[in-house]
Amino acid sequence: MNLKRELIESIDGRIFVGVLCFIAIMILVGWIAINEAARMTAFEGQYLARSIERGATMFNTNCSTCHGIDGRGLTGRAPALNSPYLFGFNYLADVDRQIAALQTEAANSATTDARKAEIETETAALNAERDAIIASLQPAVDKGYNPEEPSRLKNLGWGGTLRSFVETTIISGRPPSESYWPQPMAAWSQTAGGPLRMDQIEDLTNYILNWNIGDAWTVEDANAVNQFPIVPVDPSTVVSSDVQTIGVNTEMPTIMENLATVTGDPQNGQVMYNGALACAGCHMTAAVAPLMEGTMTRVTDIRLQQPENAGMTAEEFLATSITHPNAYVTPGYPASVMPQNFADRLTYQDLADLIAFLETQDQPLPPQ
Amino acid sequence: MSVLPWPSFLDDVKEKGLRRAIFEGVNEVTERVTAGMNLQDLREALRGEPASRKPNPRLQPHADGFWLHMRPSYFHKSVTGIYPEFRLGWLSTYFVFFETITGIFLMIWYTPSPDVAYANMLAIMSNVPLGQFMRDLHRLGAELMVLIVFLHMLRTFYTGSYKRPRQFTWFTGVILLICTMFLSFSGYLLPWDQLALWAVTIGASMVEAAPPEIVGETLNLLLRGGPDIGANGLLRFYLLHVLAVPAILFIFTGVHYYKVVIHGHSLPPGEENIGEDTAKRVPLDKRVYFIPDVLTSELMWIGITTLILVVFVTWFFHAPLENHADNQITPLGTTAPWYFLWIQGALKLGDKVLWGIIFPTIVVVFLLVMPYLDVTRSRRYASRRFAFTVSFILLAGLVVLSYMGLSEFGVKTSADSEVLHAMVMEPAHNHMGHLRPVPFDQLVPGQYTTAQFEALPGEESGVVASFNEEIQDNGQAAALLAYLQNDAHLGVSSISFVPVPADAPELEEALRTFYEDLEANNAELHNAWGGVIITDQQDGLRRADVVIVWDSVQIEDGKPVFDANGNPVLITDANGNPVIRVNGQHMYLHEDSQYFAAPGV
């Protein structure tokens, strides 16, 4: 019996349409299946790209204050990640390969003497080229880069991949680095007590590894690095000097008394500020620490006007802030972030130099 | 005499010959599998011929078989067409099976744990052949199932099929509707992306409002497994989704079907006398037997419906997958799933307990008991003007409340945040920031400003140059630079805008939209101009900073204050100069990210 108001009224029509639909489904699914490999590859590429984007955002908020917004490190604060050294790029590899090939040829008994002489000239030329490359890397060498040992992982004796190196470093941080960096790198993974999930750490790793440009690293890239990694020093080999530092337990009145006996040199203070002490690493970004610019103005116009600092001189306030950072913490910043051990690292002369430098930072305050 | 110690197929072969023995064997197996129809019966049925033996073998599967005993053996001719049922009930059942089958495939690749759930999604998308296909089908089916079940309920209402004796069928139907909505909702959470987490957080927070406080808190804890949705919550939603709710759904589907068989399909309202129910008294000449007519029809519809779904996921629909769920980041414009928008809209009317708990409960209870309250006998459309009017008013209310549930309604963020969000937002709810789909090669590093649209065509460079001087003089450039360096951590040393290059039309288009957005908000963002600063970050990775600079105006209750002349009241500093405000957002764009406008948008 034919159905009333049915879409297809006859039974053979229904069977035909049904079969046609199933065939169409099969063709479509087959077509999707054929394209699956390409689609999955595209998805992977797209996902990696978006992961890098998310990693970039996190790097900008969390990592750039120490590793620099361009990833080239901050002097005295943290090493560069956007650096040929991390990715093990060897500037000398090409020349060395050519020299090695010539040496092998020279060592071959079949090589004629005329050819040997030629090889010697060529080797000399290549060696000159090699020296020129090293010379061109001089700014990087000055900052501790060694073109002869260009791989961070190799120098460190790291057995795993670069990815695992970056990933594990972010997961657990670098707690013991306190002895050679102003402060340790925090553990970032939730598994190690930090704030980030594993997928976020993967995003960050993807971003950092995206700095790798393979063979396209230029000499300028190495020279633009602000800070190379520091290899830890065995504490037993450090010879204690006769230099008398202030000492963290020294009370403020004593410090002020001794400080009165020396005259500060602002230029030397600036060198220490930007270099060895790495003050600039934090005091360059208002979000991390009070800006260097206008320090003196803020001390005289704001800090000394507050009741808890009444009766202090600007010099005393600065000396206290450096040697006992927690004695007064600028509102809006957390306590104990600034290293507490500057008094152990500074002589009275150093302290006077630093204060003299900071006293030159008397720029007017920006309008509120 | 048997060749073996027991009767065997070989005896048959010996006795009847191989051909006949095989045919009889197959015939017998067929009759057993179909619970009553042999090969000849099937052949006749599929050819549309009448049955050649008696009793009618086509009734046998309904009497003896499990699957067909819950289907009527014949229908009234009037209910087999598109009207009056529109196949909605049948489609609902279709989706129950469709979702079960696609769901089982997804289950193979899924672990209900926050640590790996999202990675499972990525694996399904990137490493499982046809994984995305199954996911898309399951998601599309879930959304459609809610819609179809709801439409089925509407149809039942309008044809009056809920009336005596089918009240209880309606009652179980409402339970099935609730199950369907909760199934769809609980499935939302499983991918563990931002969309999932926040849609479910909003939904679950309604439970928290249940009075008294101790009940609400306890229910909330039970459902979420903690103060926030985490590992426990995900596992609970998973178990509800794959075990508890489907179990209830299957049981009530059985009850619902049983009731349909018992009472028969109600005829179109016009074909019966008022108060009569003739569904079970089908005259012989009006009978359409399930086998073969309805059966072939249903098989055909399975093919048609599945084909439509497959076509959709092939070209028009992909299940969304947003970023990994993050309790710390609340996306702007979070909404509940669309079928719960009406509750979210009601919540904006006021009290959380009244509108979030009591109101939906009243709605559900009303639906459940409605057939017992409406005891009028007539199913004719003309006799039910009052019921129809009420239903249209309720439907209109549903639409209005759902509209109110959208984030566009009644949720006011500051204008600068909204304009920035519209420029850079990550793909969500089928939208993304205007700047995101701009092709990578058009994102030419440089500093661009909306001020260029103040110029006549061809005069952009002059206008932008004088704009640069203007902002240097009034201090806006310095304020912007300070913002970029200190707050946005961007490595720029100066502000110098240039016109958008001619070969970057899509960038210019995005910037123009930005300009128009700022113009549209010129009361709150007084004298505002925008900037887009594009910088190279890495090989194949660029950064775009979108910034707004404006003069601060007084805001009260989220709206700017106007003076007597209708101008916004400016906030000025001690010298009477307007206070400059800067706000911005930035995003990174990789050349392979492939942000496209969603299909159909």
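Computed from a predicted model, the values in this text were never measured in an experiment. (Residues numbered from 1 in each chain as written. Chains lettered and ligands numbered in written order. Predicted model: local features only at pLDDT ≥ 70, side-chain atom pairs only at ≥ 80, totals over all residues. Heavy atoms only, no water.)

(A) Local environment of the packing of helix α9 (residues 252–259) of chain A against helix α15 (residues 348–359) of chain A. Residue and element names in this part refer to chain A. Where α9 contacts α15, the axes come no closer than 10 Å and their chain directions differ by 85°. In terms of orientation, α9 and α15 fall into the roughly perpendicular class. Every residue of α15 that contacts α9 at T254, I255, N258 and L259 is listed here: Y348, L351, A352 and I355. Partitioned by chemical class, the residues of the contact of α9 with α15 number six nonpolar, two polar and no charged. (Axes fitted to C-alpha atoms, helices over the stretch in contact; angles between N-to-C directions. Helix = DSSP H or I, 4+ residues; strand = E, 2+ residues; numbered from the N terminus. Parallel < 35°, antiparallel > 145°, perpendicular 65-115°, else oblique. Contact = heavy atoms within 4.5 Å. Nonpolar A, V, L, I, M, F, W, Y, C, P; charged D, E, K, R; others polar.)

(B) Structural view of the domain arrangement of chain B. Residue and element names in this part refer to chain B. With domains assigned, chain B is organised as domain 1 (9–64), domain 2 (76–405) and domain 3 (415–590). On a C-alpha basis, the centroid separation for the pair domain 2 and domain 3 is 45 Å. Listed by partner, the interface residues are six residues for domain 2 and five residues for domain 3. Contact between domain 2 and domain 3 buries roughly 460 Å² in total, counting both sides, with carbon and sulfur atoms accounting for 51%. Contact with domain 3 buries surface across domain 2, with E322, N323 and L332 losing the most and accounting together for 73% of the total. (Domains from an automatic or database assignment. Buried area = accessible area lost by both parts, 1.4 Å probe.)

(C) Molecular detail of the domain arrangement of chain A. Parsing chain A into structural domains produces domain 1 (93–224) and domain 2 (252–359). For domain 1 of chain A and domain 2 of chain A, the distance between their C-alpha centroids amounts to 38 Å.

(D) Structural context of the packing of aromatic side chains. Inspection of every chain in the model, using the stated rule, returns 43 aromatic pairs over all chains. Taken together, a centroid distance of 5.5 Å and an interplanar angle of 65° make the contact between F317 of chain A and Y328 of chain A edge-to-face. Placement of F317 of chain A in helix α13 (residues 314–323) and of Y328 of chain A in the loop between α13 and α14 (342–345) is noted, with a sequence separation of 11 residues between them. Measuring from ring centre to ring centre gives 5.6 Å for F453 of chain B and Y515 of chain B, while their planes differ by 40°; the resulting arrangement is tilted. Here F453 of chain B, found in the loop between β3 (446–449) and α17 (460–473), pairs with Y515 of chain B, found in helix α19 (residues 505–520); they are 62 residues apart in sequence, far enough to count as distant. Taking the relative accessible area as the measure of exposure, F453 of chain B reaches 12% and is therefore buried. Three or more aromatic residues joined by ring pairs make a cluster, and in this case those are F157, Y158, Y162, W170, Y381, F388 and F392 of chain B. In this arrangement the basic side chain of R542 of chain B is found over the ring face of F440 of chain B, its NZ or CZ atom lying 4.5 Å from the centre. (Phe/Tyr/Trp six-rings, centres within 6.5 Å; stacked < 30°, edge-to-face > 60°. Buried < 20%, exposed > 50% of the residue type's maximum accessible area, 1.4 Å probe, protein only. Lys NZ or Arg CZ within 6 Å of the ring centre and 35° of its normal.)

(E) Structural context of the pattern of salt bridges. Within this structure, the stated rule accounts for 25 salt bridges over all chains. As a salt-bridge pair, R130 of chain A and E148 of chain A come within 2.8 Å of each other at their nearest N and O atoms. Note that R130 of chain A is positioned in helix α3 (residues 113–136) and E148 of chain A in the loop between α4 (138–142) and α5 (152–156), a separation of 18 residues in sequence. Judged by relative accessible area, R130 of chain A falls into the buried class, the value being 13%. Two residues, R543 of chain B and D545 of chain B, come together in a salt bridge whose shortest N-O distance is 2.6 Å. For the pair shown, R543 of chain B and D545 of chain B are each scored as buried. (Salt bridge = Lys/Arg side-chain N within 4 Å of Asp/Glu carboxyl O.)

(F) Representation of the pairing of strand β5 (residues 541–551) of chain B within the structure. Residue and element names in this part refer to chain B. The element β5 is extensively covered by neighbouring structure, given that 11 of its 11 residues are classed as buried. The two faces of β5 match: L541, R543, D545, V547, V549 and D551 on one face and R542, A544, V546, I548 and W550 on the other face are all buried. Between strand β4 (residues 526–538) and β5, which pair antiparallel and follow one another directly, the connecting turn spans two residues, one of which, G540, has a positive phi of 75°. In the sheet, β5 pairs with strand β8 (residues 580–590) via 11 bridges, with the strands oriented antiparallel. Its bridge partner being in β8, D551 is matched across the sheet by I580. (Pairing = 2+ DSSP bridges.)

(G) Structural context of the interface of chain A and chain B. Each side of the interface is counted separately: chain A has 54 residues, and chain B has 67 residues. Our enumeration of links across chain A and chain B arrives at three salt bridges. A salt bridge links D293 of chain B to R14 of chain A, with the nearest nitrogen and oxygen atoms 3.1 Å apart. Applying the counting rule to chain A against chain B returns 22 residue pairs in polar contact (both at pLDDT 80 or more). Elements that contribute at least two residues to the side of chain A that touches chain B include exactly α1 (11–67) and α7 (198–209) of chain A. At 34 residues, the largest contribution of residues to the side of chain A that touches chain B is made by α1 of chain A. (Polar contact = N/O pair within 3.5 Å; in protein donor to acceptor, adjacent residues only side chain to side chain.)

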